[in-house]
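Coordinate inspection notes
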Amino acid sequence: MNFGDTPEEATFRQELRKWLAANVPEGPAPLGGPARAQFWAKWHRALFRGGWMGLSWPVEYGGRGLSPIYEAILADEVGAAGAPPVPHVGYLGRALLHYGTPEQRRRHLPGLLSGEETWCQGFSEPGAGSDLAALSTRAERAEDGGYRVHGQKVWTSDAAWADWCLLLARTDPQAPRHRGISALVVDMRAPGVTVRPIRQINGDEEFNEVFFDGTPVPADRLVGEPGQGWEIAMTTVSYERGPADIGFSSRYARTLRRLEEVARQRQVPPATRRELARAYVHTEVLRLHVLRSLSARMAGGTPGPQSSVDKLLSTRTEQLLHHAAMDLHGSGPLLGDDGEVLFDYLYSRGSSIAGGTSQIQHSIVAERLLGLPRAR
Ligand SMILES: Cc1cc2nc3c(=O)[nH]c(=O)nc-3n(C[C@H](O)[C@H](O)[C@H](O)COP(=O)(O)OP(=O)(O)OC[C@H]3O[C@@H](n4cnc5c(N)ncnc54)[C@H](O)[C@@H]3O)c2cc1C
């Protein structure tokens, strides 16, 4: 792969840099509550107004119809500028783009891209995380032809301010468990929806418990066919990473450069120096790997089990980096100084859980990429 920009890409990058220099919001996002929601909504809308959202999305749904390379350049530059990440709406939108009716796409995709409407992903439950097919939230047929949803979701990021939820629910309890699940678009303000934020150890309130008590869902909010929910869920999670990985890699490289500056100013024990060197090597491996993934996508490939490798490399790099940062900063973060260092370290611990745990990714790599026998 040629790592250099074409003349068009270079022009795009320059314009983007200019825009970022003038538009990156001050300071980190506020923790929890409406202030956090407002911060992200403002950033999302600013990116959309600037023309930077939905770069590779069809024009008819509010995108720009460009090649995915432009999404990668966007993630790269946003990460390198230390700006808040580009709101990660694409993977939920992909479910609608692949499986939604034309009406569902027209209704939902423009608002999703522009940030006028926010979405959450209602997959995990108290009894169904890694084993997602064990989910027990049910959507029963109602007399009006629609559904009534009963059950509970958990760890639902951004549910407290979401307008819509892409929900997985069991519609056929008699069917084999993977086949009895359907995907529904649920209005988060419909009757019977209760959202309870979960306060995290880092002080944030990103995720929530969500309860459904007879929540009505009209029939035309079913995505795909009844029983197609598992396939839709798998497509969605395979898009959870992607061009954004380039952004992780440039964000980590930026963090590493900041750590190098700190390390030059103080006496650093050999063990921490080695940690920093390892973080450097892994950041570089990640960068090259995501470029390889990007080049496969550019050749027409769609994300599949290989995105588990991206996730494992990215998680490992993030955790190494923030562990090294904690060691480098000594007791400061724990005593209340360097709050961002502590926040990032704590957040990095959850990265090996979000979007499927590392153990599950390892099993996918073993079974689906290497063809090894299933673990007992
Ligand atoms: C930051 C963050 C954001 C999230 N956002 C969302 C969201 O928006 N929407 C949503 O639906 N969910 C979300 N989640 C939830 C996430 O998808 C689940 O936490 C994850 O799938 C793991 O499920 P679990 O927590 O139930 O753990 P469990 O599945 O109970 O796993 C517990 C432990 O057992 C291990 N384990 C389980 N099964 C196996 C196996 N077969 N082989 C080997 N090891 C195994 C796991 O690796 C883990 O270490 C989020 C999580 C995080 C951390």
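Source: prediction; values computed, not measured.

Details of the overall build of the protein chain
The number of helices and strands found in the protein chain is 11 helices and eight strands. By the compact-globule yardstick of 21 Å for 376 residues, the protein chain fits well, its C-alpha radius of gyration being 21 Å. For the protein chain, the C-alpha atoms occupy an extent of roughly 70 × 45 × 45 Å along the three principal directions. Out of the 376 residues belonging to the protein chain, those deemed buried represent 47%. Considering only residue pairs separated by 6 or more positions, the protein chain has 71% of its internal contacts joining residues 24 or more positions apart. Of the charged side chains in the protein chain, 42 are positive and 43 negative, and the gap between their average positions amounts to 4 Å.

Considering the pairing of strand S5 (residues 181-187)
Of all seven residues in S5, six are buried; the element is thus mostly enclosed. Relative to S5, strand S4 (residues 164-170) runs antiparallel, the two being bridged by seven bridges. Each residue of the ladder has a partner; that of Trp 164, found in S5, is Asp 187. Bridge count between S5 and strand S8 (residues 222-223): two bridges; the pairing is antiparallel. Bridge pairing links Leu 184 to Leu 222 in S8.

What about the domain arrangement of the protein chain?
Per the domain assignment, the segments making up the protein chain are domain 1 (7-114), domain 2 (119-226) and domain 3 (241-369). Taking the mean C-alpha position of each, domain 2 and domain 3 sit 31 Å from one another. Across the boundary between the two partners, domain 2 contributes five residues, which contact five residues of domain 3. One can count zero salt bridges joining domain 2 with domain 3. Linking domain 2 to domain 3 there are one residue pair in polar contact (both at pLDDT 80 or more). Here the residues of the side of domain 2 that touches domain 3 sort into one nonpolar, two polar and two charged.

Looking at the site of the ligand
Neighbouring the ligand are 18 residues, the closest being Gln 121, Ser 124, Ser 130, Trp 155 and Thr 357. Separating an oxygen atom of the ligand from a backbone N or O atom of Ser 124 is a distance of 2.7 Å. Here a nitrogen atom of the ligand sits 3.1 Å away from a polar atom, N or O, in the main chain of Trp 155. For the ligand, whose free accessible area comes to 970 Å², the fraction covered by protein is 64%. Of all elements in the fold, only helix H10 (339-351) and helix H11 (358-369) reach the threshold of two or more residues within the shell around the ligand. Of the domains in this structure, domain 2 (119-226) and domain 3 (241-369) are the two that each give at least three residues to the shell around the ligand.

A closer look at the nonpolar core
By size, the foremost hydrophobic cluster in this structure holds 64 residues, and its most contacted members are Trp 119, Leu 166, Leu 168 and Val 223. Residues in contact with Val 223, not counting those within four places in the same chain, are Ala 95, Leu 96, Tyr 99, Gly 100, Gln 104, Leu 166, Ala 183, Val 185 and Ile 232. Judged by nonpolar contacts, the second largest core, of 17 residues, contains Tyr 147, Leu 167, Leu 184 and Val 217.

Quick word on the packing of aromatic side chains
Overall, the coordinates contain nine aromatic pairs when judged by the stated rule. Ring geometry for Phe 343 against Tyr 347: centres 6.4 Å apart, planes inclined by 10 degrees, an arrangement best described as stacked. Note that Phe 343 and Tyr 347 are positioned in helix H10 at a spacing of four residues, about one turn of the helix. An aromatic cluster is defined as three or more aromatic residues linked by ring pairs; in this entry it consists of Phe 12, Trp 19, Trp 43, Trp 52 and Tyr 70. The ring of Trp 57 carries Arg 94 above its face, with NZ or CZ at 4.7 Å from the centroid.

Structural notes on the environment of Trp 19
Considering the arrangement of structural elements, one finds Trp 19 in helix H1 (residues 7-23). In the structure, Trp 19 is positioned 243 residues away from Val 262 in sequence and 29 Å away in space, judged by C-alpha atoms. Sequence-distant contacts of Trp 19, defined by excluding residues within four places in its chain, comprise Trp 43, Ala 46, Leu 47, Gly 50 and Trp 52.

The rules behind each value
- Residues numbered from 1 in each chain as written.
- Predicted model: local features only at pLDDT ≥ 70, side-chain atom pairs only at ≥ 80, totals over all residues.
- Heavy atoms only, no water.
- Helix = DSSP H or I, 4+ residues; strand = E, 2+ residues; numbered from the N terminus.
- Rg over C-alpha atoms; globule rule 2.2 N^0.38 Å.
- Buried < 20%, exposed > 50% of the residue type's maximum accessible area, 1.4 Å probe, protein only.
- Contact = heavy atoms within 4.5 Å.
- Lys, Arg positive; Asp, Glu negative; His and termini not counted.
- Charge placed at Lys NZ, Arg CZ, Asp CG, Glu CD.
- Pairing = 2+ DSSP bridges.
- Domains from an automatic or database assignment.
- Salt bridge = Lys/Arg side-chain N within 4 Å of Asp/Glu carboxyl O.
- Polar contact = N/O pair within 3.5 Å; in protein donor to acceptor, adjacent residues only side chain to side chain.
- Nonpolar A, V, L, I, M, F, W, Y, C, P; charged D, E, K, R; others polar.
- Near = heavy atom within 4 Å.
- Areas by Shrake-Rupley, 256 points an atom, 1.4 Å probe, with all protein chains shown as cover.
- Core = buried A, V, L, I, M, F, W, Y, C linked by side-chain atoms within 4.5 Å.
- Phe/Tyr/Trp six-rings, centres within 6.5 Å; stacked < 30°, edge-to-face > 60°.
- Lys NZ or Arg CZ within 6 Å of the ring centre and 35° of its normal.

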